[in-house]
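Given next are the chains, with one letter for each unit.
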Amino acid sequence: MSSVFYNFQDNLCYFRDSSILGPIFFGSVVLATPVLPQEPVTPITLTGGETIKVDFSVSTNSQVAIQTSGGKTKVEIAGAGSISTIGNYAHGIRNDGSSNMAAVEGSISTDGQSASAIINNGSNNTTEITGHVITKSFSSYGIYNNGSHNKTTISGKITTESMFSSGVNNNGSQNYTTLTGAISTKGAVAHGVWNRDSNNVTTISIAGSISTIGGTANGIRNGGSSNMATVEGSISTSGQWASAIINNGSNNTTDIAGSILTQGDFANGIHNVGNKNQTSISQSGKIIATGGGSSGVINSGNLNVTYLLGTIATWGKLTTHEDPGYPTITRYADGINNEGSNNKTTLASGASISTSGHFAHGVRNKGSGNSIAIATGASISTNGIYSPGVSYQGSGNATNIYGSITTTNNSSGGIIYGGSNNITTIFDSGAISTNSDSSPGVYNVGSGNTVTVSGGISTNGNYSSGIANVGNNNTTSVYGEIVTQETDAFGIVNAGNKNKTIVSGRIFTKGAKSYGVYNKGSGNKTTVSGSISTTGVG
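The following paragraphs examine the structure supplied in this document. (Residues numbered from 1 in each chain as written. Predicted model: local features only at pLDDT ≥ 70, side-chain atom pairs only at ≥ 80, totals over all residues. Heavy atoms only, no water.)

It is worth spelling out the overall build of the protein chain at this point. A count of helical and extended segments in the protein chain gives zero helices and 61 strands. Relative to its 538 residues, the protein chain shows a buried fraction of 51%. In the protein chain, of all internal contacts separated by at least 6 residues, the share reaching a separation of at least 24 is 79%. In the form shown here, the protein chain has an accessible surface area of approximately 20,900 Å², with 50% of it arising from carbon and sulfur atoms. (Helix = DSSP H or I, 4+ residues; strand = E, 2+ residues; numbered from the N terminus. Buried < 20%, exposed > 50% of the residue type's maximum accessible area, 1.4 Å probe, protein only. Contact = heavy atoms within 4.5 Å. Areas by Shrake-Rupley, 256 points an atom, 1.4 Å probe, with all protein chains shown as cover.)

Next up, the structure:
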């Protein structure tokens, strides 16, 4: 049976029989000699506007298999076709110019440093992968678009097997990547999709998936601003600092309707480094972070918006040996971590954040002017020491609770404020419950804070007051109910001066030495039109 090999450099055709060596006769031939292995095919070169369909095997040593120039070329690797290259810089297909099209139904394999499967040096190129693309060496991308307005569609597979080898690398703006198949990378800094500039759009459909294994190997990495990532399928990463999605710029939009799983220390589900980023996790969306120091969502900048309708769960820990005095340091993972200021977090009805492990805050706010709203039917729960439901380090923060906050271990308050002029409102349907020692419902360290309780606060642990105000000039109003169960668990304690307390609802303490309202400082004022009852001794 015969096959045809094309040499497009000199427009010659050669016919080679796969079973005999010698002249080919188009009649009956009775002559057979074993065939020797065929040498690599001469590289194929196309100029602008040409089309080629490859339904045979093309292999090269240290050379690009198919090189095009001039733009508007079309290269199709049919189902029976394949490209394989060996050697550094030996790309599978290289298009120099714009408006080119590459369609791979068969396969492309490269084995050499900086030998990408497909390179588009230009703009407005279209790449479609329905087959399999694989690169095996250092800094070898599956697809590299060095320009803007490129469109990449993957319903097949892209596999990279070495460090610095991303599945798709878009070095430009307004590139579109759509994944209904699979991208898998193995190696450090080998991202699934890497958008280096701005205004890029990445979509992972329900059937699509990205998986990375390696340190700092992100699922999607957006280097610029105003990028959009939509995940209906899945992203999984395994490695330190390997966040599933990282947005290094500002004004990026991330929508999660599928699943994200990270398995490595400091590997966040979504990391927004810049400002004014918007993150939405729908009802079907789920983020699980299992490594130490790994947040479900972390906003490092300011004015970021996080809207949660689905689930965030964290439970990993990190053990280091950096300090001889403390050979083992454990650090756990927050649900949402707002490192900057003026960030807005909303938990819609049905949303949940759960953390397992010490120092694992439900929502941690390090800056000022942050706000959190927890809707009816939404919940935050923590299960570890020093794991408050919500914590603030700065001032001017606001918390509105219609849903619930629950903590179950020592030194884990419902809400902890480190600064001043913070506002907490627990509405009729809202509830805070703490279930261990030294875990107040609301703990205000600074001054000028305002707490209004129309719903309920309950604590079940020694030294776990309903509300504790350490600073001065705080205002606490109770229209709902505060109940404490154990010893030295006051309903409200004002440790500072000039604090104002209004009780129009009910305070009930059951433990020994647990006063309904305890004013420790000077100039505090308490007004009671509701009820305060205690049943403990002392």
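What follows deals with the packing of aromatic side chains. Applying the stated criterion to the full structure yields nine aromatic pairs. Between the aromatic rings of Phe 490 and Tyr 518, the centroid separation amounts to 5.0 Å while the plane-to-plane angle is 45 degrees, which identifies the pairing as tilted. Taken together, the residues span a long stretch of sequence, with Phe 490 in the loop between β55 (481-484) and β56 (492-494) and Tyr 518 in strand β59 (residues 517-519) at a distance of 28 residues. Of the residues examined, Phe 490 reaches a relative accessible area of 11% and is grouped as buried. Using a relative accessible area of 30% as the deciding quantity, one classes Tyr 518 as partly exposed. Three or more aromatic residues joined by ring pairs form one cluster here, namely Phe 490, Tyr 515 and Tyr 518. Here the basic side chain of Arg 196 rests over the ring of Trp 194, its NZ or CZ set 4.1 Å away from the ring centre. (Phe/Tyr/Trp six-rings, centres within 6.5 Å; stacked < 30°, edge-to-face > 60°. Lys NZ or Arg CZ within 6 Å of the ring centre and 35° of its normal.)

What follows is about unusual backbone geometry. Residue Lys 72 is not a glycine yet carries a positive backbone phi of 60 degrees. Within the fold, Lys 72 resides in the loop between β6 (66-69) and β7 (74-77).

Note on placement: Gln 113 falls in the loop between β11 (107-111) and β12 (118-121). On the basis of relative accessibility, which here comes to 41%, the residue Gln 113 falls in the partly exposed class. Linking Gln 113 and Ser 165, residues 52 residues apart in sequence, is a C-alpha distance of 9.7 Å. Those residues in contact with Gln 113 that lie beyond four places of it in its chain are Asn 88, Tyr 89, Ser 137, Phe 138 and Ser 140.

Side-chain alternation along strand β26 (residues 234-238) places Ile 235 and Thr 237 on a buried face and Ser 234, Ser 236 and Ser 238 on a face that remains uncovered. As judged from the five bridges shared by strand β23 (residues 209-213) and β26, these two strands associate in the parallel manner. Residue pairing in the sheet places Thr 212 in a bridge with Thr 237 of β26. The pairing of β26 with strand β29 (residues 259-262) spans four bridges and is classified as parallel. (Pairing = 2+ DSSP bridges.)

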